[in-house]
Amino acid sequence: MERQQITEAVAAIIRLIPPNENNSATNQQISETVDIANSAFPHLMEGATDEDIKEIIWRIGNHFNVQIGSTVILNNPDVERWLDSKKTEIDWAYYDAYKGLLQNQERPAKVIRENEKIIDSILDLSGDPTTEGKWARKGLVMGNVQSGKTQNYIGLINKAVDAGYKVIILLGGHQNELRKQTQERVDEGFIGLESQHLVKMNHTEAARIGVGKIRDSEKSVATYTSTADDFRRDYADLGIKLNNLKSPAIFTVKKLKPILSNLSNWITNSHLLDENTKLDMPMLLIDDEADYATINSKAHREEITATNGLIREILSKFNKSTYVGYTATPFANIFIDPENKDEMLGDDLFPKDFMIKIPVSDEYSGQDYFFDENYFNDNANNESPGPIRIINDHEETLPSKHNKHTTVGELCPSLKEAIRVFILNISVRIFRGDDSAHNSMIINMTHLNALQSQITDLVSDYVEEISSAVSAFHSLGHKESLKNIHMQDLSDTYKKRFSGKEQFSKVFTHLNKAANKVKVFKTFNNSKTDTVLDYSLYSKNGLAAIVIGGHKLSRGLTLEGLSVSYFSRNSKAYDTLLQMCRWFGYRPNYRDLCKVYTTSESVEWYCHISGVIKELYKELENMSLQGKTPSEFGLKVRDHPGSMIVTSRAKMNYAGDAIHSVDMWGTTIRRFRFKSGEDHNNLVHKLTNNFVNDMSKNSSALDRFNSHVYEDVSHKMVKEFIRDLNMIPDDYGDEALFNQLDELQNEEIPNFKVGIFNVKKPGKVKWEDNIVNKNEIHDTFTLGPHELNIGKRQVNSNGMIIYPQAGDLSGSDDEKIFLNEHQIQEVLNGNQRAYSRDYLRYEGRDFPSLTIYLFNLGILKPYPNNIDKDEYEVLIAHEKPSIGFTISFPLTENLRGKSSQEIRALNRKTAYSYKTNRIWEQMGLELMEEE
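Undergrad: I would appreciate a short explanation of the overall build of the protein in the present structure.
TA: Within the protein, the secondary structure is distributed over 31 helices and 32 strands. Here the protein holds 931 residues, and the buried ones make up 58% of them. For the protein, the share of sequence-separated contacts (at least 6 apart) that also reach a separation of at least 24 residues comes to 81%. Surface exposure of the protein reaches about 38,500 Å², of which carbon and sulfur atoms provide 46%.

In structure tokens form, the structure reads like this:
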């Protein structure tokens, strides 16, 4: 069957399956309905092979059987809710057309339904457009990177105009490509006419597309922008004024000072507005990527950045306005000062009326799929399972520290492999029937234009080498072609990096088409000579693009069919790092092909960010259940800034200006950096033995999960032990830690529980066969009265300091040893697994804990320079096992007998101030400003 025929069959069969209350369908029900369609409508299934029928069943199952997470809402109780009482009175013509478009695109029914619920919540918390008088609403919608925010806000636009909003202003990115991409989606999902750059190129009239094919032609839209042009005053002056329009009007504009200034001036001058005269029509302003450029980053309240001021200025020109920010990284938005006001511009953009978290379906591949916070815990041997491939040879191509005068070297083996994987991915997708789908790979190594050009030339040459080899040798067949080195490399890469779901001999038959389909693009920063990356020009046969770039690849830009990312850059701020994850999203039928090539440092930070985001949204969920408001949430974040060092210093001015305060409540402090000398390790052993023996004299240890737990250990005893050990700090320094320990004692917080961690089954690790000093590896070791199994961890060393590849050497759920079985079940709450963070934040946990670990630390010497070779030797770090520890502190709200005022006072008292640049130095990340 042709692709279009399969799509039409899927759409028709979906309509034959009666939905149940959960909008789901069993596999048997789907198969039976396909059989009925095959018999009753032979023309529909004409030419269907067994593979076609399997795909049809799979696609129908995707439509029905998708699980969606829960939506989280914080709202201001003073905002009047209005939608339910008027819902049946509204003609939803615009939204119904958009809903029909999503159905035609085979979006899962449950996703469409849940998305509509969220849109209704946003609209309900926004102003009622039919209400007379003056009002202004401000809200924030949060969703993971590439998780469907665009679908949500285009749905909101359609529902808003159905409800009575007359003017829509959409801030669609800060660069031409981002705005153009947003405009294309607006054209398809709201305007309903073909994009203007295609019209101009083909010299035709704009055809009806998307919703335009579904919606009544009388339901039109007035647009003041197109894919060919951003907002232009000369063009706008030729049109009808906003207050005379019969149709809703939309402006899809860049979030840049000149554009916003022109728009603001045009609204004022064309409509004869002044300080006392405003437009009386309801206006909805949607701010995509609301954490970028929107935030007022001036250090003093009386100062306002240009973009922030212009957004507020535009809002102030309407008597009735709603501002909705959309972001995947809401950290900066939370730090907006809710008390900051300006007489002319009105309140700042703090989301005072509502905060809404968009849930994702189980088909979404986000940070938890790629970078679970326990990645290094669960994969201690660092063998890069799943979609992650850790690279260590990228500096052969481009050093991490470089400038515009740096010369780019040859392509390193890992980058060549990533390119081969991409070509193989295309071939596999063609074999699976996605021959007309878009495919993309990104290479993000530098922000410098000149170096991007050099990398582009090298990549283009290598792609040409492969495509020429495939063209010359593919006709010889799979086995004979392997005499060529490039064909052998492709075969070896497939065996090494693919699951083997398809036999290579079958994938091989499509290699010639795949290799010769690849085009290499470079995307310069702020340059008029930018290469045009336009998927719409390849809509019939699909584009296969390798895209080399920097900043444009780091925020907002959606790369269609992305399956390979080669990423060797870094940033200080969590929000910037997270926005670089363009590989997140929905990957139907090819998620197993997705690969991310990146450094161990990046993996460590992405894993950490995954935990930070989880913590942020968990806090949002808890406060939602408590009926708290957005302002209360913002204040709570200020009270607990330790976990929120997550955005640029400028955006956090109101959270502490140049000084940043951190506290340790609800966090774990680690000491997993070791001095290489034997004398210090022997001293650590002596001190730890004495400490454990002293505890054993006073009480017996509880046995928990094979480990040993001592209860009621004094703060003083723990503090003296830690001070005597004199370990090298991992994150916060000892001064901050001892400050926290002092306050525990002063505030009469319960005593410590101390765990002596015991590995159940150490097992054999990959690098164990390469150990040089095998006599120094210990299967068991005695500490105090306890004989312990010793864990094995791979680490790095600079000769003086031994340090982990990731910050954490502990296990993913070690904190459970401090809870009893009943408490553990309460934390699990029916789930199969929970993590240390969950056990630490259990509401019944009001005590601090210390966990002592013994490790065999394996130092690889040298670390392999070629990812295709496993040749290395390993040195065990010390003659005796290396000893490290973690200290965990409970959440202040779990401290019994303390009022909310006392808890806030405790937070302030225990906060420890750092200069912001010190924190950044401790992160070990180099700031690289974008050009």
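On we go from here.
Undergrad: Would you mind showing me how to read the pattern of salt bridges here?
TA: Note that side chains of opposite charge can pair when their charged atoms are close. Within the structure shown, the criterion is met by 28 salt bridges. The closest approach of N and O atoms between Lys117 and Glu114, which form a salt bridge, is 3.4 Å. Here Lys117 pairs with Glu114, and both are found in helix H6 (residues 109-125), just three residues apart, close to one helical turn. Here Lys117 falls in the partly exposed class, since its relative accessible area comes to 46%. Of the residues examined, Glu114 reaches a relative accessible area of 16% and is grouped as buried. For the salt bridge of Arg232 with Asp229, the shortest nitrogen-to-oxygen distance reads 3.3 Å. Classification of Asp229 as partly exposed rests on a relative accessible area of 24%.

Undergrad: Can you walk me through the environment of Arg587 in this structure?
TA: Looking at the secondary structure, you find Arg587 in the loop between strand E17 (585-586) and strand E18 (595-598). When the C-alpha atoms of Arg587 and Glu560 are compared, they prove to be 9.9 Å apart, with 27 residues separating the residues in sequence.

Undergrad: It is not clear to me how the side chain of Asp187 should be interpreted in this structure. Could you clarify?
TA: Along the chain, the position of Asp187 falls in helix H8 (residues 176-191). No salt bridge forms around the buried Asp187; measuring N to O, its nearest opposite-charge neighbour Arg179 is 8.0 Å away. When sequence neighbours within four positions are dropped, the list of residues in contact with Asp187 reads Gly192, Leu193, Ser195, Ile209 and Thr227.

Undergrad: Teacher, can you tell me more about the sheet that holds strand E3 (residues 167-171) here?
TA: Think of a sheet as strands paired side by side through backbone hydrogen bonds, with each pair either parallel or antiparallel. Pairing is mixed in the open sheet, where eight strands are placed in the order E1-E10-E2-E7-E6-E3-E5-E4. Two strands bound the open sheet, and with one partner strand each, they are strand E1 (72-75) and strand E4 (222-223). Looking at chain direction, E1 and strand E10 (residues 354-357) are connected through four bridges and run antiparallel. Residue pairing across strands places Val72 opposite Lys357, the latter belonging to E10.

Undergrad: What should I look at first to understand the nonpolar core in this one?
TA: Generally speaking, soluble globular proteins have nonpolar side chains that are buried together. Formed by 59 residues in total, the largest nonpolar core has its most connected members in Val754, Leu850 and Ile852. Counting residues in each nonpolar core, the second largest holds 55 residues, with Ile430, Leu511, Ile546 and Ile548 among its members.

Undergrad: What should I look at first to understand the pairing of strand E20 (residues 668-671) in this one?
TA: The alternating pattern of E20 places Ile669 and Arg671 on a buried face and Thr668 and Arg670 on a face that is not buried. Strand direction decides the pairing type here: E20 and strand E31 (residues 882-888), joined by four bridges, are antiparallel. Residue pairing across strands places Arg671 opposite Phe885, the latter belonging to E31.

Undergrad: Help me understand the sheet that holds strand E15 (residues 544-549) in this model?
TA: The sheet built from six strands is open, its strands ordered E12-E18-E16-E13-E15-E14 with parallel pairing. A single partner strand is all that each edge strand has here, and the edge strands are strand E12 (388-390) and strand E14 (518-523). Here the average twist between neighbouring strands, direction ignored, is 15°. Bridge count between E14 and E15: six bridges; the pairing is parallel. Along E15, the bridge assignment pairs Lys522 with Ile548. Seen against the sheet, helix H17 (residues 449-473) touches strand E13 (439-444), E14 and E15 and runs at an angle of roughly 175° to E14.

Undergrad: Even after reading the chapter, I still don't get the packing of aromatic side chains, so can you show me in this structure?
TA: On inspection of all chains with the given rule, the structure shows 18 aromatic pairs. Between Tyr94 and Phe190, the ring centres sit 6.0 Å apart and the planes meet at 45°, which makes this aromatic pair tilted. With Tyr94 in helix H5 (residues 93-104) and Phe190 in helix H8, this residue pair connects regions lying 96 residues apart in the sequence. Phe190 matches Tyr94 in its accessibility class, with the two residues each being buried. Between the aromatic rings of Tyr153 and Tyr326, the centroid separation amounts to 5.3 Å while the plane-to-plane angle is 70°, which identifies the pairing as edge-to-face. Taken together, the residues Tyr153 in helix H7 (residues 149-163) and Tyr326 in strand E7 (residues 320-327) connect sequence positions 173 residues apart. Exposure class is identical for Tyr153 and Tyr326. Each is buried. Between the NZ or CZ atom of Lys753 and the centre of the ring of Phe847, over which it lies, the distance is 4.2 Å.

Undergrad: Sorry if this is basic, but what is going on with the packing of H6 against H7 here?
TA: Each pair of packed helices gets described by two things: the angle between the helix axes and the distance between those axes. As a packed pair, H6 and H7 sit with axes 9 Å apart at the nearest point and diverge in direction by 55°. The orientation of H6 with respect to H7, classified from their angle, is oblique. Two packed elements cross with a definite hand, and for H6 against H7 that hand is right-handed. Only Gln151, Asn152, Gly155, Leu156, Lys159, Ala160 and Ala163 of H7 make contact with H6, whose side of the interface consists of Val111, Asn115, Glu116, Ile118, Ile119, Asp120, Ile122 and Leu123.

Undergrad: For this particular structure, what's the right way to read helix H12 (residues 306-315)?
TA: Helical geometry note: an α-helix holds 3.6 residues per turn, so side chains three or four residues apart project in the same direction. The buried fraction of H12 amounts to eight of the ten residues, a majority that puts the element mostly inside the structure. Among the residues of H12, Thr307, Asn308, Gly309, Leu310, Ile311, Arg312, Ile314 and Leu315 are the ones counted as buried.

Undergrad: Quick question: what am I supposed to make of the packing of helix H25 (residues 678-698) against helix H26 (residues 715-725) here?
TA: Orientation of H25 relative to H26, taken along the N-to-C sense of each, is 170°, at an axis distance of 10 Å. Taken together, the axes of H25 and H26 lie roughly antiparallel to each other. Contacts between H25 and H26 pair His680, Val684, Leu687, Thr688, Phe691, Asp694 and Met695 from the former with Met717, Val718, Phe721, Asp724 and Leu725 from the latter. Of the residues that constitute the contact of H25 with H26, the class distribution is eight nonpolar, two polar and two charged.

Undergrad: Can you help me understand H8 in this one?
TA: Relative to the 22 Å expected for 16 residues at 1.5 Å per residue, H8 spans just 20 Å between its end C-alpha atoms, considerably shorter than the ideal helical length. Every buried residue of H8 is listed here: Leu178, Arg179, Lys180, Gln181, Thr182, Gln183, Val186, Asp187, Gly189, Phe190 and Ile191. Backbone geometry just after H8 places Gly192 at a positive phi near 90°.

Undergrad: Help me out: how do you make sense of the confidence of the model for the protein in this one?
TA: Should pLDDT be low for a region, the predicted coordinates there are not to be read in detail. Looking at the protein, pLDDT values average 80 and 79% of them are 70 or higher. The spread of mean pLDDT over the elements of the protein runs between helix H31 (residues 916-923), the lowest at 32, and strand E24 (residues 752-756), the highest at 97. This stretch, residues 297-303, has a pLDDT under 50; its non-local contacts, to residues over four places away or in other chains, come to 17 contacts. For the stretch residues 637-660, pLDDT sits under 50, and the model shows 90 contacts to residues farther than four places along the chain or on other chains.

Undergrad: Looking at this structure, I do not really get the environment of Pro750. What am I missing?
TA: Tracing the chain through its elements places Pro750 in the loop between helix H27 (734-746) and E24. A sequence separation of 35 residues divides Pro750 from His715, and the C-alpha atoms of the two residues are 8.8 Å apart. Once residues lying within four places of it in the same chain are set aside, the contact partners of Pro750 are His715, Asp846, Phe847 and Pro848.

Undergrad: Mind showing me how you'd approach a negative patch on the surface here?
TA: Residues Asp457, Asp461, Glu464 and Glu465 make up a contiguous surface patch of negative charge. Within the secondary structure, Glu464 is located in helix H17.

Undergrad: Help me understand the pairing of strand E29 (residues 849-861) in this model?
TA: In summary, the side chains of a regular strand alternate between the two faces of the sheet. By the criterion of burial, E29 is predominantly enclosed, with twelve of the 13 residues buried. With four bridges connecting them, E24 and E29 associate as parallel partners. Paired with Val754 across the bridge in E29 is Leu850. Bridge analysis of strand E27 (residues 791-797) against E29 gives five bridges, and the strand direction is parallel. Bridging across to E29, Gln794 finds its partner in Gly858. Bridging between E29 and E31 involves seven bridges; their strand directions are antiparallel. Across the sheet, residue Leu850 finds its bridge partner in E31, namely Ile887.

Undergrad: What exactly am I supposed to notice about unusual backbone geometry here?
TA: Located in the positive-phi region is Phe705, a residue other than glycine, with phi close to 50°. By secondary structure assignment, the location of Phe705 is in the loop between strand E22 (702-704) and strand E23 (707-713). With a relative accessible area of 29%, Phe705 lands in the partly exposed category. Here Asn726, not a glycine, exhibits a phi torsion of approximately 55°, which is positive. Following the sequence through the fold, Asn726 ends up in the loop between H26 and H27.

Thresholds, definitions, all that
- Residues numbered from 1 in each chain as written.
- Predicted model: local features only at pLDDT ≥ 70, side-chain atom pairs only at ≥ 80, totals over all residues.
- Heavy atoms only, no water.
- Helix = DSSP H or I, 4+ residues; strand = E, 2+ residues; numbered from the N terminus.
- Buried < 20%, exposed > 50% of the residue type's maximum accessible area, 1.4 Å probe, protein only.
- Contact = heavy atoms within 4.5 Å.
- Areas by Shrake-Rupley, 256 points an atom, 1.4 Å probe, with all protein chains shown as cover.
- Salt bridge = Lys/Arg side-chain N within 4 Å of Asp/Glu carboxyl O.
- Lys, Arg positive; Asp, Glu negative; His and termini not counted.
- Pairing = 2+ DSSP bridges.
- Core = buried A, V, L, I, M, F, W, Y, C linked by side-chain atoms within 4.5 Å.
- Axes fitted to C-alpha atoms, helices over the stretch in contact; angles between N-to-C directions.
- Phe/Tyr/Trp six-rings, centres within 6.5 Å; stacked < 30°, edge-to-face > 60°.
- Lys NZ or Arg CZ within 6 Å of the ring centre and 35° of its normal.
- Parallel < 35°, antiparallel > 145°, perpendicular 65-115°, else oblique.
- Left-handed = near helix turned anticlockwise from the far one by under 90°.
- Nonpolar A, V, L, I, M, F, W, Y, C, P; charged D, E, K, R; others polar.
- Expected span 1.5 Å × (residues − 1).
- pLDDT = per-residue confidence, 0-100.
- Patch = residues over 30% accessible without salt bridge, like charges linked within 9 Å, V, L, I, M, F, W, Y side chains within 5 Å.
- Charge placed at Lys NZ, Arg CZ, Asp CG, Glu CD.

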